[in-house]
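# A look at the structure
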Number of protein chains: 2
Amino acid sequence: MNLKEFSHRIGLSPTTVSRALNGYPEVSERTRRKVLESAERLGYTPNSRAARLATGRAMTIGHILPLSKEHEMVNPIFSDFIAGAGEQYSKSGYDLSLSVVQDEDEAEAYRDLATRGVVDGAVIHGPKVEDPRIRLLGELGLPFVVHGRSSRVQGEYNWVDVNNRRAFSRATEFLLDLGHRRIGLINGLDGMDFATRRLNGYGDALAAHGIDRDPELVFSGEMTENYGFATTMQMLGSRNPPTAILISSIIPAMGARRALHDLGIGLGDEVSVVIHDDDLSYFRNEGDIPIFTATRSSVREAGRLCADILLDTIRGARDERRHVLLEADLTVGQSTGPAPAMRHLIDRDRAEALRRPQALT
Amino acid sequence: MNLKEFSHRIGLSPTTVSRALNGYPEVSERTRRKVLESAERLGYTPNSRAARLATGRAMTIGHILPLSKEHEMVNPIFSDFIAGAGEQYSKSGYDLSLSVVQDEDEAEAYRDLATRGVVDGAVIHGPKVEDPRIRLLGELGLPFVVHGRSSRVQGEYNWVDVNNRRAFSRATEFLLDLGHRRIGLINGLDGMDFATRRLNGYGDALAAHGIDRDPELVFSGEMTENYGFATTMQMLGSRNPPTAILISSIIPAMGARRALHDLGIGLGDEVSVVIHDDDLSYFRNEGDIPIFTATRSSVREAGRLCADILLDTIRGARDERRHVLLEADLTVGQSTGPAPAMRHLIDRDRAEALRRPQALT
DNA sequence: TGAGATTCTCAAAGCGCTTTGGATAATGCA
DNA sequence: TGCATTATCCAAAGCGCTTTGAGAATCTCA
């Protein structure tokens, strides 16, 4: 049933019905109630295709999921992020359009989304250090928000990011305090902005303690379980292995744990591990004492925030840019302890305190 | 720029331009080339909102991601599935609309998608044993495909499923052959169709060997790491622990491995584990000898197949239903071995052969 | 060369909604 | 009661595309 027929059936003009349904003030409460009721009863729902053409609004937000030919991998945080964002879209009556494209076609995909007029805004996932998509969306005039930031892009834009640098310098400092001096870093893919910031945070803390960064202890790659396994194996098999490792995600941390197990090395005991925990719904690092000592920041919450910001800029007249910087608190779990060589040196009470679970914010 | 302006600029009528762009035969090749070229040069792309209204086609497939208030968890296979399906949609010029809703609102969400006319078809994820969505979509007249099946729903419909029963009876038989008699099952959530089929396959194999199903060895729940840990702990802490465990996904298998490790029990040695592996991109069970002995079936491929089938039924005139039943081959990895009590009884050569990696199809 | 067939092009009518500008009915105030 | 407001409602004009039905142009072949 279309508007014409529906309005005719209930003895009103299409105009009035449309106004009643869309909450315009020109229609009396009594009429509005009657319209809503009849729509429910007769099963009338306005056709969105027509509404979108008439209003010029797509009522849809675009997300692009790029797949690279080599890696063929979907970012494991993607689904949690989208769940968070999608929740907010639903609440505001927006739809979510997801385009899966080969990564070399990504720019074209954004352009397409914009010119075809199927979205009112877009989200940029996984920004690189110098990400061309930011400029592109700016030129296209499509409102957008970045999940993360792009260090080498100047100009203002909307973003929601974790304070990666701070989180990783905090985590590194924590390990340094425990007496660790050789600390490995299993980081995300080179070129990703978050990976760079984390590397810097790690480097900052080491530098503050006068420790040189050993390139043999720093890895970058896609965060799979196997990657965590392989890098941990490599580090621990070297002639000068680390006593502690920082890992950028809980997924490679699974691989690291496997490596430690295979080598018969005690986690949190002989080798300490601190992870960054995105609080993935199927992989909770929880319990009285979490398994891993971790800097945690919910990626689902980041999704919600991105959505809120984007919807705000789409609806809002004011043209200001909005940012959110999330702090990732460090929570001590079972995976960290005093550096082996230090164990007898460290004050017993202090060591005990450091092992106790607590938010160190 | 719109069609009117564009066609005027290149000295043609809107009709001709539209036909040229949409590949109708009424336009000469020369004209078509000229139009395509000019569109490229002048940056004209037809407005999809208008096209959708005019054609009555949404050129969009709907997926619904339900979130339950209690679990708050996103199915970890979701992103890989969607990546597979999305790939195919893109190739065919279809968009993918993703609705994130509270699970109690799911039926309403499908209804909404259909009546608002924003999708031409939909995919049903994670069907229950008796799933009302199948009937609902049938009534709505919306083409759909189910990823999985629903045992207690009669009537024909499109689906793509893994032969779960066969996979799990195979896996169970494999363990029985290795001499295991007490075999645990860490299964998916009760009520899910796939979980029921897997339970049946497991039960079939046990029954064929005259073994009663011990309810204390069967668990159902959401497949998180912690779930795998907790159930494994519980089983191995009982007075009559299993010597082998079947696990429905690699995620809880991580938890099981953690439990074994914590208890100091050797994986594949003292306790054997067989998993079902969805071949998640960030969690590959690979290597010369895979870590886990597993029945494997790529969920990404299932996504591709679902998309193909759905697009086919949307475009195709013929009203036949289509099914795909995927067989999950068993591949032997490092996580299985002869049952401890049997070890001295089993012929050495045979045991060796069973440990060797191979597809047993 | 011209009739018929073929190829190409076009004007105009939707698709189902929103929204403007104006008409009508109801209400308030003197 | 009469006039000015105000509260309701409506007709009609788009939104930008597709597609029908038909006309103009070109081609084919006797």
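Here the structure is a predicted model, which means the values were calculated and not measured.

Here the focus is the nonpolar core. A:Y89, A:L246, A:F283, B:Y89, B:L246 and B:F283 are the most contacted members of the largest nonpolar core, which totals 148 residues. Other than its neighbours up to four places away in sequence, B:F283 contacts A:E225, A:I251, A:M254, A:F283, B:I250, B:I251 and B:M254.

To continue, consider the sheet that holds strand β8 (residues 244-247) of chain B. Residue and element names in this part refer to chain B. Across the sheet, which stays open at both edges, the 6 strands sit in the order β7-β6-β8-β9-β10-β12 with mixed pairing between neighbours. Here the strands that pair on one side only, and so sit at the sheet edges, are β7 (218-220) and β12 (329-331). Looking at each pair of strands side by side, their axes are set apart by 15° on average, direction ignored. One ladder, built from 4 bridges, connects β8 with strand β9 (residues 272-277); its direction is parallel. In the strand pairing of β9, L246 is matched with V274. Sitting on the sheet, helix α8 (residues 164-177) is in contact with β6 (183-187), β8, β9, β10 (293-296) and β12, with an inclination near 165° to β8. Here helix α10 (residues 225-237) sits on the sheet in contact with β6, β7 and β8, set at roughly 155° to β6.

Moving on, we get to the packing of α10(B) against helix α11 (residues 250-263) of chain B. All names here are of chain B. It is at 6 Å that the axes of α10 and α11 come closest, and there the two elements cross at 45°. Regarding the angle of α10 to α11, the classification is oblique. As for the relative orientation of α10 and α11, their crossing is right-handed in sense. Counting all contacts with α10, which are made through E225, N226, Y227, G228, F229, T232, M233 and L236, the residues of α11 involved are I251, P252, M254, G255, A256, R258, A259, L260, D262 and L263.

So, about the protein's contact with DNA strand C. Residues in close proximity to DNA strand C total 25 residues, the closest being A:L3, A:S18, A:R19, A:Y24 and B:S13. When the atoms of DNA strand C within 4 Å of the protein are grouped by moiety, sugar and phosphate amount to 58% of the total. Between DNA strand C and B:A54, the relevant distance is 3.5 Å, taken from a base oxygen to a main-chain nitrogen or oxygen of the residue. Counting residues per element, the surface near DNA strand C draws most heavily on helix α4 (residues 48-55) of chain A, which supplies 4 residues.

Here we take up the protein's contact with DNA strand D. Around DNA strand D sit 26 residues in total, of which A:S13, A:T15, B:L3, B:R19 and B:Y24 are the nearest. The share of sugar and phosphate among atoms of DNA strand D within 4 Å of the protein is 60%. A distance of 2.5 Å separates a phosphate oxygen of DNA strand D from a polar side-chain atom of B:Y24. At the level of elements, α2 (14-21) and α4 of chain A together with α2 (14-21) and α4 (48-55) of chain B are the ones that each hand at least two residues to the surface near DNA strand D. Counting residues per element, the surface near DNA strand D draws most heavily on α4(B), which supplies 4 residues. Class assignment of the residues belonging to the surface near DNA strand D gives a composition of 11 nonpolar, 11 polar and 4 charged.

What follows is about a negative patch on the surface. Residues A:E70, A:D103, A:E104 and A:D105 make up a contiguous surface patch of negative charge. Note on placement: A:E70 falls in the loop between β1 (60-67) and α5 (78-91).

Looking now at the pattern of salt bridges. Using the criterion set out here, one finds 52 salt bridges over all chains in the structure. The residue B:R152 makes a salt bridge to B:E130 at a minimum N-O spacing of 3.5 Å. Taken together, the residues B:R152 in the loop between β4 (144-147) and β5 (159-162) and B:E130 in the loop between β3 (121-124) and α7 (132-140) connect sequence positions 22 residues apart. B:R152 gets classed as exposed once you look at its relative accessible area, which sits at 53%. Close ionic contact of B:E301 with B:R304 constitutes a salt bridge, the shortest N to O distance being 2.5 Å. Of the two residues, B:E301 and B:R304 are both situated in helix α12 (residues 299-315); the distance of 3 residues between them amounts to about one turn of the helix. The exposure class assigned to B:E301 is partly exposed, which follows from its relative accessible area of 31%. Linked by salt bridges that have partners in common, A:E72, B:E87, B:R300, B:E301 and B:R304 make up one network.

This next bit is on the relation of the copies chain B and chain A. For the pair chain B and chain A, the superposition axis carries a translation of 0.0 Å, the fit reaches an RMSD of 0.0 Å, and the rotation angle comes to 180°. The superposition of one copy onto the other is thereby described by a two-fold rotation axis. Within chain B, B:S97 has its C-alpha nearest the rotation axis, a separation of 2.3 Å. Here 100% of the interface residues in chain B have copies in chain A that are interface residues too; the copies meet face to matching face.

Conventions used here
- Residues numbered from 1 in each chain as written.
- Chains lettered and ligands numbered in written order.
- Predicted model: local features only at pLDDT ≥ 70, side-chain atom pairs only at ≥ 80, totals over all residues.
- Heavy atoms only, no water.
- Core = buried A, V, L, I, M, F, W, Y, C linked by side-chain atoms within 4.5 Å.
- Buried < 20%, exposed > 50% of the residue type's maximum accessible area, 1.4 Å probe, protein only.
- Contact = heavy atoms within 4.5 Å.
- Pairing = 2+ DSSP bridges.
- Helix = DSSP H or I, 4+ residues; strand = E, 2+ residues; numbered from the N terminus.
- Axes fitted to C-alpha atoms, helices over the stretch in contact; angles between N-to-C directions.
- Parallel < 35°, antiparallel > 145°, perpendicular 65-115°, else oblique.
- Left-handed = near helix turned anticlockwise from the far one by under 90°.
- Near = heavy atom within 4 Å.
- Polar contact = N/O pair within 3.5 Å; in protein donor to acceptor, adjacent residues only side chain to side chain.
- Nonpolar A, V, L, I, M, F, W, Y, C, P; charged D, E, K, R; others polar.
- Patch = residues over 30% accessible without salt bridge, like charges linked within 9 Å, V, L, I, M, F, W, Y side chains within 5 Å.
- Areas by Shrake-Rupley, 256 points an atom, 1.4 Å probe, with all protein chains shown as cover.
- Salt bridge = Lys/Arg side-chain N within 4 Å of Asp/Glu carboxyl O.
- Lys, Arg positive; Asp, Glu negative; His and termini not counted.
- Charge placed at Lys NZ, Arg CZ, Asp CG, Glu CD.
- Least-squares fit on C-alpha atoms with pLDDT ≥ 70 in both.

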